[in-house]
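Overview (structure and organization)
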Amino acid sequence: MERNKNFFSLQMIVEGGIMLALAYVLNMFKLYTMPQGGDISLSMLPIMIFAIRWGGIQGFILGILYGILKLIVDPYVIHPAQLILDYPLPSAFVGLSGISFLKDKKEFRGYLPMIVIAYALKFVAHYLSGLIFFPQYAPKGMSPAYYSFIYNITYLGPELLIFIVVIAVLWNPLKNVLVKQK
């Protein structure tokens, strides 16, 4: 494919819109919902696929848009900093999954470290939000820091494992489509 000199091409914008819509639809089908917010769903998968196909910066931007969409449709905001920590920032971090640590962009193992790092960053954002803005949910005698850690790892850990398995299974049949389109 001929190298596109524009940072955003029409094809990228159209695919981004489709992936954004698909992410929102997948968010409606939750595998598990936590009592005080957070869930396990496949909603981040289209963001990851877009990021792998087009790059980490473009994935980061699409993640921000997805976070804003979730904020518009189903907001729970108690503070402006909490809004940022719970909506655009975590999904933007997932968009960084498109960064590969290998020169060969057709190797799944090159993306795996960044997928884990992206989810670790998403965890940190949710952890800080829980620690700072929702310490009242910690059971009596339990540190809010420990509670926020356990609460967020309970759903983000399994979601990360699901994504790694799903992308690994899809990688070989789709690797020619998934490679970056620079």
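Nothing here was measured: the structure is a model prediction, and the numbers come from that model.

A look at the packing of aromatic side chains
One pass over the full model with this rule turns up 9 aromatic pairs. The interplanar angle of 50 degrees and the centroid separation of 5.6 Å between the aromatic rings of Phe108 and Trp171 together place this pair among those described as tilted. Here Trp171 lies in helix H7 (residues 144-178) and Phe108 lies in helix H6 (residues 108-133), a separation of 63 residues in the sequence. Each member of the pair, Phe108 as well as Trp171, carries the same accessibility label: buried. Between Tyr151 and Tyr155, the ring centres sit 6.3 Å apart and the planes meet at 75 degrees, which makes this aromatic pair edge-to-face. Of this pair, Tyr151 and Tyr155 both sit in helix H7, 4 residues apart, which is roughly one turn of that helix.

Some thoughts on the side chain of Ser41
With respect to the element layout, Ser41 can be found in strand S2 (residues 39-41). For Ser41, the side chain forms a polar contact with the side chain of Ser43, separated by 3.0 Å. Ignoring sequence-local partners within four residues, the contact set of Ser41 consists of Leu26, Asn27, Phe29, Lys30, Leu31, Glu159 and Phe163.

What counts, and where the lines are drawn
Residues numbered from 1 in each chain as written. Predicted model: local features only at pLDDT ≥ 70, side-chain atom pairs only at ≥ 80, totals over all residues. Heavy atoms only, no water. Phe/Tyr/Trp six-rings, centres within 6.5 Å; stacked < 30°, edge-to-face > 60°. Helix = DSSP H or I, 4+ residues; strand = E, 2+ residues; numbered from the N terminus. Buried < 20%, exposed > 50% of the residue type's maximum accessible area, 1.4 Å probe, protein only. Polar contact = N/O pair within 3.5 Å; in protein donor to acceptor, adjacent residues only side chain to side chain. Contact = heavy atoms within 4.5 Å.

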